[in-house]
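# Overview (structure and organization)
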Amino acid sequence: MTLADLLRPTTVTDFLDTVWARDPCLFPGAAAGASLLDLDGFEAMLGALHHAHKGVLHLARGGERRCLPAVFIDADGMLDLRQVRRAFEGGETLYLTKAHRLSPPLADLCRSVELDLADHGVPLREPAGAHVFATPRSAQGFAPHRDEHGSLVLHMEGRKSWMVEERAGPPRPGAVPPREWARLRFREFSLGPGDVLYIPQHCGHAARTGAERSLHVTLRLFPLRWRDVLDEVVAALPGLDAHVPRARTADAAALASGLAELLASPDVRTALPGLLGGVAARRTTRRVVLPDGGLGRHDGLDDIDENTWLVRARGADCHVTEDGGSATIHFPGGAVRGPIDVLAALEHVAKAPVVRAADLPGALGTDAVVDVVRKLVADGLLRRARAGEIEEVAR
């Protein structure tokens, strides 16, 4: 699934232009038919957890969240599912963090949404992540609160009623006091299977179930802020290691003037493009490699020839840089560098959904381009296409 799938019939561009970071919005049935997770699959995930009480699985009831009691964990560090079931039936919401680390479909979805946002000019300060909430009948797990991240709520099973503040407010994450909550203006949403609800960051919300239990997945989206950019570059800005002049230390106006002069200095202006270029490079290359048959990737490398169809490995976005006499293609987990003669071939790989060595442009000979694609397969950017996959990717 892509971000566009979750927002149907709204386009991603319209969503970012009119809704993103502003207003809550419901996309009825946008995730209908998505085989992401059900209650049985959720229980299977819980059964595979080790030391779930160490910040992975939480209980929530009546607005209070608590860590999992030690009694829920057996001698091997595994969950006692009997305890979990009793808690659920007794009114406890089960809150599983970082579910994308346990579920390949959720990992794919998070990476896809993250890349779609980046393609539309919206970088995230943290990778997109998925949390799962299972709520029993007639229950409210969490008190009214505001999050410091935007949320895409994908409702999987049952029904749940949501009250969401009409519009995102100033940055005030955390619990909303009862008196303030009583004064807010809300929109009310009733979510059923396949519905998707967008909640902007810093937008107060609360939810509860009625006659049906519910299961939903929340994709957490942390937009990049100016403060994040500053955090990454401030240590390397020239002049900031200099001492503050003694006469200005006790004078706020003089301090402000001195800092403004320093930040406007030619040295800082000269250094900023390079520093910000480093920020951009770090933000556009994902570090985490998604599983996609990589353990057996080196088998059969010698059988790859100029007519072998190859596709991008799951979630492996990439970009190409040029540095003097060399060209480098960057992707999750690594990079491949070569002479400038390989630039056109790498740029083609970065844009094409399917690749054959025979189709790569440039002045390289057949043996050279085959060596290029074999290297990209060995390092994890490309893999052999499976039966029927070329037609699927082309669609």
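Counting of residues starts from 1 at the beginning of each chain's written sequence and follows it residue by residue. Reporting of local features is limited, given that this is a predicted model, to residues whose pLDDT is at least 70; pairs of side-chain atoms are given and counted only at 80 or more, and all residues count toward the totals for whole chains, interfaces and linings. Hydrogens and waters are ignored; side-chain quantities use all the structure's heavy atoms.

### Section: the pattern of salt bridges
- One side-chain nitrogen of Lys or Arg within 4 Å of one carboxyl oxygen of Asp or Glu is enough to make a salt bridge. Inspection of every chain in the model, using the stated rule, returns 12 salt bridges.
- Of the charged contacts, one joins Asp 108 and Arg 314 as a salt bridge, the two residues approaching to 2.6 Å between their closest N and O atoms. Here the residue Asp 108 occupies a position in helix H5 (residues 104-119), and Arg 314 occupies one in the loop between strand S14 (310-312) and strand S15 (319-323), the gap between them amounting to 206 residues.
- Residue exposure (1.4 Å probe, protein chains only): buried if accessible area is under 20% of the type maximum, exposed if over 50%, otherwise partly exposed. Take Asp 108: its relative accessible area is 29%, and that puts it in the partly exposed class.
- Judged by relative accessible area, which is 22%, Arg 314 ranks as partly exposed.
- Between Glu 180 and Arg 172 there is a salt bridge, with the nearest N and O atoms lying 3.4 Å from each other.
- The class of Glu 180 is buried, set by a relative accessible area of 16%. Secondary structure elements are defined from DSSP: runs of H or I of at least 4 residues count as helices, runs of E of at least 2 residues count as strands, and each element is numbered from the N terminus.

### Some remarks on the packing of aromatic side chains
- Classification of ring pairs uses Phe, Tyr and Trp, with its six-membered ring standing for Trp, and accepts pairs whose centres are within 6.5 Å; under 30 degrees between planes counts as stacked, over 60 as edge-to-face, and the remaining range as tilted. What the rule picks out here adds up to 8 aromatic pairs.
- When the centroid spacing of 4.6 Å and the interplanar angle of 10° are considered together, the rings of Tyr 95 and Phe 133 count as stacked. With Tyr 95 in strand S4 (residues 93-96) and Phe 133 in strand S5 (residues 129-135), the pair connects residues that are 38 residues apart, well separated along the chain.
- A residue is classified by how much of its surface remains accessible, and Tyr 95, at 8% relative accessible area, is buried.
- Joined through ring pairs, the aromatic side chains of Phe 15, Trp 20, Phe 27 and Tyr 198 make up one cluster.

### Observations regarding a nonpolar patch on the surface
- Taken together, the side chains of Val 234, Leu 240, Leu 259 and Leu 263 make up a nonpolar region of the molecular surface, amounting to roughly 300 Å² of accessible area.
- Structurally, Val 234 can be placed in the loop between helix H7 (226-233) and helix H8 (252-263). Every patch collects residues that have over 30% relative accessible area and no salt bridge, joining them within 9 Å if they carry like charges and within 5 Å if they are nonpolar side chains (Val, Leu, Ile, Met, Phe, Trp, Tyr). Using a 1.4 Å probe, accessible areas were evaluated by the Shrake-Rupley method; residue-level cover was limited to the displayed protein chains.

### Comments concerning the layout of surface pockets
- A pocket, in this scheme, is an open set of points on a 1 Å grid over the protein atoms alone with protein on both sides within 12 Å along at least 5 of 7 lines, while a cavity is a set where a 1.4 Å probe fits but cannot get out; residues line either one if an atom lies within 4 Å of a point. Grid points are joined across faces, edges and corners, and a volume is the space filled by probe spheres set on the points. By volume, the second largest pocket amounts to about 520 Å³.
- Forming the boundary of the second largest pocket are 30 residues, of which Tyr 95, Phe 133, Phe 142, His 145 and Asp 147 lie nearest the centre.
- Put simply, the parts of the chain that give the lining of the second largest pocket at least two residues each are S4, S5, strand S7 (150-158), strand S8 (160-165), strand S9 (174-175), strand S12 (205-208) and strand S13 (214-221).
- Of the residues assigned to the lining of the second largest pocket, the class counts are 11 nonpolar, 14 polar and 5 charged. Residues were grouped as follows: Ala, Val, Leu, Ile, Met, Phe, Trp, Tyr, Cys and Pro as nonpolar; Asp, Glu, Lys and Arg as charged; and all remaining residues, including Gly, as polar.

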